[in-house]
Amino acid sequence: EVTVEGGGAHPDMRATLELQQDGTKVSGQFTSPHSGAQTVAGEYKDGTLSFAFTTTDGHTISFSATLRDADTLSGYMSTPGGDLKWTGTRAKSGR
């Protein structure tokens, strides 16, 4: 589960992020009420995750985060409207 902080102007948004890792490359899907399901690609290296997707109207949304503990990432989502904080928590097994 991913939470993107609205930054005051907008409410916080919950989303899901499903990633597969092959070496340092990551790929998967980011799904939110705002963007729907988006295919993402990026990299996980030295405790830092970065990935991005391009919206149907041509805007690039990019994410960067660092590993806080075994199950939590936190960082920033960069959009044409500015940067927003986000955190991601690994889903518990069996969900």
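Residues numbered from 1 in each chain as written. Predicted model: local features only at pLDDT ≥ 70, side-chain atom pairs only at ≥ 80, totals over all residues. Heavy atoms only, no water.

Mind laying out the overall build of the protein chain, listing which residues take part and the relevant values?
Each helix and strand in the protein chain was counted, giving zero helices and eight strands. Ordering the α and β elements of the protein chain from the N terminus gives β-β-β-β-β-β-β-β. Against the globule reference of 12 Å for 95 residues, the protein chain gives a C-alpha radius of gyration of 13 Å, in line with a compact fold. Structurally, the protein chain occupies a C-alpha span of about 35 × 25 × 25 Å along its principal axes. Residues counted as buried form 28% of the 95 residues belonging to the protein chain. (Helix = DSSP H or I, 4+ residues; strand = E, 2+ residues; numbered from the N terminus. Rg over C-alpha atoms; globule rule 2.2 N^0.38 Å. Buried < 20%, exposed > 50% of the residue type's maximum accessible area, 1.4 Å probe, protein only.)

Could you give an account of the environment of Ile61, naming the residues involved and the relevant values?
Structurally, the position occupied by Ile61 is in strand E6 (residues 60-69). Spatially, the C-alpha atoms of Ile61 and Pro11 are 18 Å apart, while their sequence positions differ by 50 residues. With sequence-adjacent residues up to four places away left out, Ile61 is seen in contact with Phe51, Ala52, Phe53, Thr55, Met77, Ser78, Thr79 and Pro80. (Contact = heavy atoms within 4.5 Å.)

Could you give me a rundown of the pairing of strand E8 (residues 82-89), with the residues and numbers involved?
Alignment of strand E1 (residues 2-4) against E8, held across three bridges, turns out to be antiparallel. Counted as the bridge partner of Thr3 is Thr87 from E8. In the sheet, strand E7 (residues 72-79) pairs with E8 via eight bridges, with the strands oriented antiparallel. Each residue of the ladder has a partner; that of Ser74, found in E8, is Thr87. Following E7, the chain reverses through two residues before pairing antiparallel with E8. (Pairing = 2+ DSSP bridges.)

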